[in-house]
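Architecture at a glance
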Amino acid sequence: MTAVLDWLSNFLYAAILAGVPLLFGTLGEILTEKAGNMNLGVEGMMYMGAVFGFMGGYYCDSVTMAILLAFFGGLLGAAIYAFLTVTLKANQNVTGLTLTIFGTGLANMLGTNMMNNSATGTAVCSDMIRAAFRPMDLGFLTDIPYLGKLLFNHSLLTYIGLVLALIAAWYLNHTSHGLNLRAVGENPAAADAAGINVSAYKYVHILLGGGISGLGGAYIALVTCGGSWTYNCVGGQGWIAVALVIFASWSPAKAIIGSMVFGALSVLRLYIPATVIDIPASVFSMVPFLATCLILVLSSIRMKRERQQPQACGVNYFREER
C-alpha cells in the first residue's frame, strides 16, 4: 500500500510540474478569446516569454526582472498580434500562425547568441536564480505526508499561476469589466452600442493574455530546464494550451484541472515501465497530442451555450458595419 501511495504521489507531483506552463498558456488564450480574438500564436508568445525571462535572470541576475521581462516578452508578441488584427483587421488565424513562427525563431536566435558568447558554450543562470525557482520549502506544511509535497513544495511561478487562474475566474464572473469583456466577445456591435470601447477591451485583454502566456515560457526555461537555455524548449506546449481552452470550456477555474490532466499525460511514459506494459516510449510521447485531437473532435458535438466559444471569436469587428 505504501509503495502504491508513493508511486501515486510522485506521479501527481510530476503531473503538476508538467501542467503549470500549460496553465499559463491556457489562461492567456482564454482572456484573448473572451475578447473575441483567436490567437494561435500562444507557442510564439511562450517562446518570447521564455527567452526574455531567461535573459532577465541571466544578465540581470534578478528574479523580479526575470518575471517582469517574461511577462513583457509575451506582451510584446501579443502587441504585434493586436495591432495587426484589431487595428489593421488582418486575418486572425494567419497572424497567430505567423507570430508562432516569429516568436520561435526570435527565441532560438537570442538563445543561440547567448550560448555562442559564453566561454563554455552554454547559457546557465547563476546559482541564486536557479535556487529561487526551485520548489519552495514551506516548513511543516511541506513535511505533511503525501499532501505536503503535492501542495506545498512548488516553485514561485506555480503559485503565481494558481493565483492568476483564481483571479481570472473571479474577474470574468463577478465584475462589471468581466461582464463587459464577455459582451465584447459575444457581440461586439451590441457592446459598442451600449457604450463599451470594444477596441480598448480587445487591446487590454489580448496584451494581458500574451503576458500571462509569456510567464508559461519562463517557467519552462527557468524551472523545467533548470535555468539552462535549451534550444526549442517549449516544444509544442503552446499548441496544447490552445486545445486546453476548449477542454476547460473557456473557464479559468477548469483550466487548472485541464492543465494537470494534460500534464499527467505528458509524463505518463515515465511512470509506467516497459516491464508492466510493453509500449514504445514514442507512443507515450504522442498521447498529449492525440488527446488534443480528440478534444477538438469532441468539441464539434453540440455543447451548452455557456460552454461554447464566444460567438464573435475569430471574426474581426468593423465598427462601421454595426
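Attention in this report is confined to the structure presented alongside it. Just so you know, these numbers come straight off a predicted model, no measurement behind them. (Residues numbered from 1 in each chain as written. Predicted model: local features only at pLDDT ≥ 70, side-chain atom pairs only at ≥ 80, totals over all residues. Heavy atoms only, no water.)

With respect to the pattern of salt bridges
Our working definition: Put simply, a salt bridge is a Lys or Arg side-chain nitrogen that is within 4 Å of an Asp or Glu carboxyl oxygen. Helix and strand assignments come from DSSP, with helices taken as H or I runs of at least 4 residues and strands as E runs of at least 2, each series counted from the N terminus. Each residue's exposure class comes from its accessible area (1.4 Å probe, protein chains only) as a fraction of the maximum for that residue type: buried when under 20%, exposed when over 50%, partly exposed otherwise.
Going through the model one piece at a time under the given rule, you end up with one salt bridge. The salt bridge partner of Asp127 is Arg130, with a shortest N-O separation of 2.2 Å. On the criterion of helical spacing, the pair formed by Asp127 and Arg130 is a turn pair, its members being three residues apart in helix α5 (residues 127-132). The exposed category is assigned to Asp127, whose relative accessible area is 55%.

Topic: the nonpolar core
Spelled out, the test is: For this analysis, a nonpolar core means a set of buried residues of the types Ala, Val, Leu, Ile, Met, Phe, Trp, Tyr and Cys, connected via side-chain atoms within 4.5 Å. Any two residues having at least one pair of non-hydrogen atoms within 4.5 Å are treated as being in contact.
Phe54, Phe133, Leu222, Trp229, Cys233 and Phe262 are the most contacted members of the largest nonpolar core, which has 75 residues in total. Residue contributions to this core peak at 11 residues, all from helix α10 (residues 198-224). Setting aside residues no more than four positions away along its own chain, Cys233 makes contact with Tyr47, Ala50, Ile220 and Cys225. Grouped together as the second largest cluster of nonpolar side chains are six residues, Ala14, Ala15, Ala264 and Val267 included.

Comments concerning the packing of helix α2 (residues 42-60) against α10
The condition is simple: Every angle, taken between N-to-C directions, lies between 0 and 180 degrees, and every axis is a line fitted to C-alpha atoms, over only the stretch in contact when it is a helix. Angles are sorted into four bins: roughly parallel if under 35 degrees, roughly antiparallel if over 145, roughly perpendicular if 65 to 115, and oblique for all others. Left-handed describes a crossing whose near helix is turned anticlockwise from the far helix through less than a right angle; right-handed describes the clockwise counterpart. Gly is put with the polar residues, along with every residue not named as nonpolar or charged; the nonpolar set is Ala, Val, Leu, Ile, Met, Phe, Trp, Tyr, Cys and Pro, and the charged set is Asp, Glu, Lys and Arg.
Packing of α2 against α10 leaves a shortest axis separation of 6 Å and a crossing angle of 60 degrees. In terms of orientation, α2 and α10 fall into the oblique class. For the element pair α2 and α10, the recorded crossing hand is right-handed. Residue-level contacts link Val42, Met45, Met46, Gly49, Ala50, Gly53 and Phe54 of α2 to Gly210, Ser213, Gly214, Gly216, Gly217, Ala218, Ile220, Ala221 and Leu222 of α10. Split into classes, the residues belonging to the contact of α2 with α10 amount to nine nonpolar, seven polar and no charged.

Topic: the state of the cysteines
Applicable threshold: For the purposes of this analysis, a disulfide is any pair of cysteine sulfur atoms at a distance within 2.5 Å.
Here the structure, examined in full by the defined rule, presents zero disulfides. Looking at Cys60, it has no disulfide partner, and the nearest cysteine sulfur is the one in Cys125, 10 Å off. Given the relative accessible area of 41%, Cys60 is considered partly exposed. Among the cysteines around Cys233, which has no disulfide bond, Cys225 carries the closest sulfur, lying 5.2 Å off. Given the relative accessible area of 12%, Cys233 is considered buried.

A word on the environment of Leu222
Locating Leu222 in the fold gives a position in helix α10. Residues Leu222 and Val51, spaced 171 residues apart in sequence, show a C-alpha to C-alpha distance of 9.8 Å. Among residues more than four places away in sequence, those in contact with Leu222 are Gly53, Phe54, Ala66, Cys125, Ile129, Phe133 and Gly227.

What about the packing of helix α1 (residues 2-34) against helix α12 (residues 252-271)?
Each packed pair of helices is defined by two parameters, the angle between the axes and the distance between the axes. Their axes nearest at 5 Å, the elements α1 and α12 cross at an angle of 130 degrees. As the angle between them shows, α1 and α12 are arranged oblique. Between α1 and α12 lies a crossing of right-handed hand. Its residues assigned to classes, the contact of α1 with α12 comprises 20 nonpolar, six polar and no charged.

Overview of the layout of surface pockets
Applicable threshold: Cavities and pockets are found on a 1 Å grid laid over the protein atoms alone: a cavity is a set of points where a 1.4 Å probe fits but cannot escape, a pocket is an open set with protein on both sides within 12 Å along at least five of seven lines, and a lining residue has an atom within 4 Å of such a point. Grid points are joined across faces, edges and corners, and a volume is the space filled by probe spheres set on the points.
Computed from the structure, the largest pocket encloses a volume of approximately 460 Å³. Residue lining of the largest pocket: 19 residues in total, with Ala18, Gln237, Ser266, Val267 and Arg269 positioned closest to the centre. Taken together, the elements giving at least two residues each to the lining of the largest pocket come down to α1, α10, α11 (237-247), α12 and α13 (281-298). Of the residues in the lining of the largest pocket, the class split is 12 nonpolar, six polar and one charged.

Notes on the packing of aromatic side chains
The condition that has to hold: To pair, rings of Phe, Tyr and Trp, with the six-membered ring standing in for Trp, must have centres within 6.5 Å; the planes then decide the type, stacked if under 30 degrees apart, edge-to-face if over 60, and tilted in the middle.
This model, assessed by the stated rule, comprises seven aromatic pairs. Considering the side-chain rings of Phe11 and Tyr271, the 5.6 Å spacing of their centres and the 65 degrees angle between planes classify their relative orientation as edge-to-face. Of the two residues, Phe11 is situated in helix α1 and Tyr271 in helix α12; the sequence distance between them amounts to 260 residues. Note on Tyr271: relative accessible area 22%, which makes it partly exposed. Ring geometry for Phe52 against Phe72: centres 6.0 Å apart, planes inclined by 65 degrees, an arrangement best described as edge-to-face. Placement of the pair is Phe52 in helix α2 and Phe72 in helix α3 (residues 63-87), with a sequence separation of 20 residues. On the accessibility criterion, Phe52 (16% relative accessible area) is buried. A relative accessible area of 39% means that Phe72 is categorised as partly exposed. Grouped by ring-pair contacts, the aromatic residues Phe54, Tyr58, Tyr59 and Trp229 constitute a single cluster.

Function cannot be read off these values alone, since they describe shape.
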